[in-house]
Amino acid sequence: MTHRISRNSWMAGGIAAALLMLWFVTTGDTASGARLQSDPEALRLLRGAEGAARTTPYEGTQFITAWSRSGMATTSLVKVVHVPGDGTHMRVQSTTADQGGQMFEADDSDRTGGLTGYTPKMLDLLVRNYAVVRAGQGEVSGRATSVIEARRADGSAAGRFHIDRQTGLMLRRELLDQQGREVNLTFFTEIRPTAPKSQLLMASAPHTVEAPWAHQLASADLGSLRYRGWPVRDNLPDRLSLYDARQLDGHGPVVHLSYSDGLSVVSVFLQRGTLDAGSVASWHKATRGGRTVYLSDTMQQRAMWASRGYVFTVLADAPPPVVDSVVAALPHGETGFWGRLRRGLHRLSSWANPFD
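Residues numbered from 1 in each chain as written. Predicted model: local features only at pLDDT ≥ 70, side-chain atom pairs only at ≥ 80, totals over all residues. Heavy atoms only, no water.

1. Thoughts on the overall build of the protein chain
Of the regular secondary structure elements, the protein chain holds eight helices and 20 strands. For the protein chain, the proportion of its 356 residues judged to be buried stands at 53%. Within the protein chain, counting contacts between residues at least 6 apart in sequence, those at least 24 apart form 60% of the total. (Helix = DSSP H or I, 4+ residues; strand = E, 2+ residues; numbered from the N terminus. Buried < 20%, exposed > 50% of the residue type's maximum accessible area, 1.4 Å probe, protein only. Contact = heavy atoms within 4.5 Å.)

2. Some thoughts on the side chain of T56
Inspection of the secondary structure puts T56 in the loop between α3 (40-55) and β2 (58-67). When its relative accessible area of 12% is taken as the criterion, T56 is described as buried. A distance of 2.8 Å separates a polar atom in the side chain of T56 from the backbone oxygen of A52. Leave out the neighbours within four places in its chain, and T56 touches H82, P84, T167, L169 and P193. (Polar contact = N/O pair within 3.5 Å; in protein donor to acceptor, adjacent residues only side chain to side chain.)

3. Section: unusual backbone geometry
One non-glycine residue with positive phi stands out, namely S141, at about 55°. With respect to the helices, strands and loops of the structure, S141 is situated in the loop between β6 (131-140) and β7 (143-151). With phi around 60°, R239 is a residue other than glycine that occupies positive phi space. You can see R239 is positioned in the loop between β12 (235-236) and β13 (240-248).

4. What about the pairing of strand β15 (residues 265-272)?
Of all eight residues that make up β15, seven are buried, and the element is covered over most of its length. The pairing of strand β14 (residues 254-260) with β15 spans seven bridges and is classified as antiparallel. Considered in β15, the bridge of V254 is made with Q271. Joining the antiparallel neighbours β14 and β15 is a turn of four residues, in which G262 adopts a positive phi near 105°. (Pairing = 2+ DSSP bridges.)

5. Some details on the environment of Q179
Relative to the assigned elements, Q179 resides in the loop between β9 (170-176) and β10 (182-192). In sequence terms Q179 and A158 are 21 residues apart; their C-alpha atoms lie 9.7 Å from each other. In terms of polar contacts, Q179 uses its side chain to reach the side chain of R181, at 3.1 Å.

6. Description of the side chain of T61
Secondary-structure assignment places T61 in strand β2. We classify T61 as buried; its relative accessible area is 4%. Here the side chain of T61 touches E190 through a polar contact of 2.9 Å, side chain to side chain. In this structure T61 touches L77, V78, K79, F187, F188, T189 and E190, once residues within four positions along its chain are discounted.

7. Focus on the nonpolar core
Grouped together as the largest cluster of nonpolar side chains are 38 residues, with contacts concentrated most on L46, Y118, L126, I148, F161 and L263. With 29 residues, the next largest nonpolar core counts L257, V268, L270 and Y310 among its residues. (Core = buried A, V, L, I, M, F, W, Y, C linked by side-chain atoms within 4.5 Å.)

8. As for the environment of L123
Inspection of the secondary structure assignment puts L123 in helix α4 (residues 120-129). Of the residues examined, L123 reaches a relative accessible area of 5% and is grouped as buried. Separated by 80 residues in sequence, L123 and L43 place their C-alpha atoms 8.2 Å apart. Residue contacts for L123: discarding those within four places in its chain leaves L43, L46, R47 and Y118.

In structure tokens:
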């Protein structure tokens, strides 16, 4: 049965999940970046930021801004309250984007986001592709910070992070392009690392929706999807590696694949069906690498298209050239008889030689 996909039917949950991830943006030669040596103390500070975010009670206001390929800035102001043992409540207070509402991340979740620091997986990717070093001292919201930089092979900064010297919390994150310009910025405009007194907890608790992507896919699950023809990639261009995969049942289902090089994060949503033109009516049609896609620039760059019986949606916190490379690398066309025959022959070949 063919499903006609409406963006509104699942995009809210997908965006919430994507917003809860580390939204790090950069450009550069990540392959050669691994030759640079990281500073163990810088790595310790970054590693400690995640633990501090879980164990430190605090409330504050975060300012998030991103620049699209058109050069326009999209901003959000987010109220944040964290209670150790419970989790982090977030509410968009004002925004120029179309992503609002409330979110919650439990402390036992392994999918930290925003300014809550690096998970071990993300830190491994960061060290694999960049040199992480100390870069002096700074100040955010009146609090003294240690400044950490992620540097490319040429020594230029791709990311800059401010770690609170008292609590270990990450207070500011700047992501830079090769010209040194900020392309994504997240920081606390105010923060109180004490027991939260905000009414946000009581006001939002009945209405808070946790990200619905609870079903994490293991390697065997991904293998099963590939066997059934799902276009699940382990790697994408620009050293983007698959580090998390989830599934949302009830709409087809929807598979959410998360890729990163340690700084850039790209989410790829896959669902069987055909694209509902009404769901992208407000998006603009464009050609990328000879391929027709629908684009939308909000807090995250988005691209959507249909191919080979699937609807692809890309949400990215990454430079436009990286997004274009990802879009070009994913399947397009070949929806007719010959495309189906080619896929069938490929599957038979894989079955005949399981060690290939």
